[in-house]
Amino acid sequence: MSDYKEGTKCIQAGYKPAGGQPRQVPIVQSTTFHYDTSEAMGRLFDLEDSGYFYTRLQNPTNDYVAAKIAALEGGCAGMLTSSGQAANFFALFNICECGSHIVASSSIYGGTFNLISVTMAKMGIEVTFVEPDCSRQELDAAFKENTRAVFGETIANPALTVLDIEKFAQAAHEHGVPLIVDNTFPTPINCRPIEWGADIVTHSTTKYMDGHGAAVGGAIVDSGKFDWMAHADKFPGLTSPDESYHGIVYAEKFGQEGAFITKCTSQLMRDFGSIQSPQNAYLLNLGLESLHVRMPRHCENGLAAARFLKEQPQVEYVSYPDLEGDRFHELAKKYLPGGSCGVVSFCLKGGRSAAERFMKSLKMAAIETHVADSRTCCLNPATSTHRQLTDEQLQEAGIPAGLVRLSCGLEDKEDIIADLEAAFSALD
Ligand SMILES: *Cc1c(COP(=O)(O)O)cnc(C)c1O
């Protein structure tokens, strides 16, 4: 499977039916699984055998789809979660605990910013935020004795900054911790962070992977490349006995390639229960089957819209990494040579009120708390997703009040631009 190109993996990876089995991924709509003896079941509970016993821990439909995403990212193991929020929380909490510290890019999704800076703080986990384009010295200065992970987004939602993955990975590794990258916006079609040194990749599959606005979901992929045992003192959860699992040492029993996802499943999913429903996993898989066909169209429409917006006198600036002259264009050329995504951010000169008036005048692009699906939509983060942030935090996160996030769908680009054109006329 690893020899196939990404497009082929979108179709073929994960589920391989034997003779007489369903051609499409079956939806295993069952909470529980049958065994003949309690010994057989006991071996599963002891993690001595692998198999299914309760859908909160594992379900075949989910595993087929997780395996496809892991193959696409070039990882060794993967799992699905109920949402992207759960994926990022699990990925971090799998290696952090009370007293740990995280280095994170400040340019990240509002929900993740809140998760890390507010909710995880209540768990005793500290964070230091750095600019996505900070210097190596600034990055190094953010690390502490108790740092356990570095976190960033390949392309940040909604600021559209591009993470210098190689630089962040090098810094993380020199400080003995893994780099976790949320790769939601580019998807593995446009960037595979593991190839640039990332250790763990997360996704909100709610976005392009599903691609049709049908199902909320998340995914975590492990590269299997981080040597937990070499930094055993930092990651006791993986390298010392888990008393809640009969004293298993994950990194010993499941090795470097199995430890992270096995612990995340058998401990965090067991205790937090943020499982993706098999129905949603099925819908996600339908989306994945066309991901490689859809992403280039999203990028084509995004670039056309960005070029158009840049010409408009009412626009203060446009952020779109594929645009010549964008602050992150050089990084985009390196990490996203085939295009970034369909999301374009632009700031209207008239601030919050101009953004509101502009969006009201759009006929086709709907105002939605969503991005990255087949229908063009838009959002003013200051009055919606990021309304819990102060103006200062908004500015710090690169999201001023007049910013509009336009998510270009799969329509014809001429119609997207005509819709924008009419809204600009209405602004005057
Ligand atoms: C949407 C999003 C999330 C959160 O995902 P949900 O599926 O909505 O929980 C996390 N990271 C990024 C980059 C996102 O765009």
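What comes next concerns the included structure. This structure is a prediction, so every number in the text was calculated from the model and none was measured.

Position of His329 among the secondary structure elements: in helix 14 (residues 329–335). His329 sits in the buried class, given a relative accessible area of 15%. If we skip the residues at most four places from it in the chain, His329 touches Pro321, Asp322, Leu323 and Glu324.

Before going further, it helps to examine a negative patch on the surface. On the surface, a cluster of negative charge is contributed by Glu131, Glu138, Glu392 and Glu396. Checked against the element boundaries, Glu131 lands in the loop between strand 3 (126–130) and helix 6 (136–141). Owing to a relative accessible area of 38%, Glu131 belongs among the partly exposed residues under this scheme.

With that out of the way, let us pick up the sheet that holds strand 7 (residues 218–222). Strands pair in a sheet through their backbones, by hydrogen bonds, and they do so in one of two ways: parallel or antiparallel. Spatially, 1-7-6-5-4-2-3 is the arrangement adopted by the seven strands of the open sheet, whose pairing is mixed. Looking at the sheet topology across the chains shown, the edges are occupied by strand 1 (77–81) and strand 3. Ignoring which end each strand starts from, the neighbouring axes of this sheet average 20° apart. Across three bridges, strand 5 (residues 179–182) lies against strand 6 (residues 200–204) in parallel orientation. The residue bridging Ile180 from the neighbouring strand is Ile200, located in strand 6. Along the sheet, helix 3 (residues 60–73) makes contact with strand 1, strand 6 and strand 7, crossing strand 1 at roughly 125°. On top of the sheet, helix 11 (residues 255–272) reaches strand 1, strand 6 and strand 7; it is set at about 20° to strand 1, its chief contact.

This part takes up the packing of helix 13 (residues 291–310) against helix 17 (residues 413–427). To describe two helices that pack against each other, one gives the angle between their axes and the distance between the axes. The geometry of helix 13 relative to helix 17 is characterised by a closest axis approach of 9 Å and an angle of 30° between their N-to-C directions. The angle between the axes of helix 13 and helix 17 places the two elements in the roughly parallel class. Crossing handedness for the pair helix 13 and helix 17: right-handed. Each of Glu300, Asn301, Ala304, Ala305, Phe308 and Leu309 in helix 13 lies in contact with helix 17, whose residues at this interface are Lys413, Ile416, Ile417, Leu420, Glu421 and Phe424. Classifying every residue of the contact of helix 13 with helix 17 gives eight nonpolar, one polar and three charged.

Right, let's talk about the sheet that holds strand 10 (residues 366–367) for a bit. The strand order across the open sheet formed by five strands is 8-9-12-11-10, and the pairing between neighbours is mixed. This sheet does not close on itself; its edge strands, each paired only once, are strand 8 (315–319) and strand 10. Helix 15 (residues 351–361) contacts strand 9 (343–348), strand 10, strand 11 (377–379) and strand 12 (403–407) of the sheet and is inclined by roughly 125° relative to strand 9.

For the rest of this paragraph, the subject is the nonpolar core. In this structure, Ile69, Ile102, Leu179, Ile220 and Trp228 are the most contacted members of the largest nonpolar core, which totals 96 residues. Of the residues forming this core, the biggest block, six residues, is contributed by helix 11. In this structure Ile69 touches Leu80, His203, Thr205, Met209, Ala219, Val221, Leu284 and Leu288, once residues within four positions along its chain are discounted.

Evaluation of the coordinates by the stated rule reveals 19 aromatic pairs. Measuring from ring centre to ring centre gives 5.7 Å for Trp228 and Phe260, while their planes differ by 15°; the resulting arrangement is stacked. With Trp228 in the loop between strand 7 and helix 9 (236–239) and Phe260 in helix 11, the pair connects residues that are 32 residues apart, well separated along the chain. Look at Phe358 and Phe424: their rings are 4.7 Å apart centre to centre, the planes differ by 50°, and that puts the pair in the tilted class. One end of the pair, Phe358, is in helix 15; the other, Phe424, is in helix 17, and 66 residues separate them in sequence.

Thresholds, definitions, all that
- Residues numbered from 1 in each chain as written.
- Predicted model: local features only at pLDDT ≥ 70, side-chain atom pairs only at ≥ 80, totals over all residues.
- Heavy atoms only, no water.
- Helix = DSSP H or I, 4+ residues; strand = E, 2+ residues; numbered from the N terminus.
- Buried < 20%, exposed > 50% of the residue type's maximum accessible area, 1.4 Å probe, protein only.
- Contact = heavy atoms within 4.5 Å.
- Patch = residues over 30% accessible without salt bridge, like charges linked within 9 Å, V, L, I, M, F, W, Y side chains within 5 Å.
- Areas by Shrake-Rupley, 256 points an atom, 1.4 Å probe, with all protein chains shown as cover.
- Salt bridge = Lys/Arg side-chain N within 4 Å of Asp/Glu carboxyl O.
- Lys, Arg positive; Asp, Glu negative; His and termini not counted.
- Charge placed at Lys NZ, Arg CZ, Asp CG, Glu CD.
- Pairing = 2+ DSSP bridges.
- Axes fitted to C-alpha atoms, helices over the stretch in contact; angles between N-to-C directions.
- Parallel < 35°, antiparallel > 145°, perpendicular 65-115°, else oblique.
- Left-handed = near helix turned anticlockwise from the far one by under 90°.
- Nonpolar A, V, L, I, M, F, W, Y, C, P; charged D, E, K, R; others polar.
- Core = buried A, V, L, I, M, F, W, Y, C linked by side-chain atoms within 4.5 Å.
- Phe/Tyr/Trp six-rings, centres within 6.5 Å; stacked < 30°, edge-to-face > 60°.

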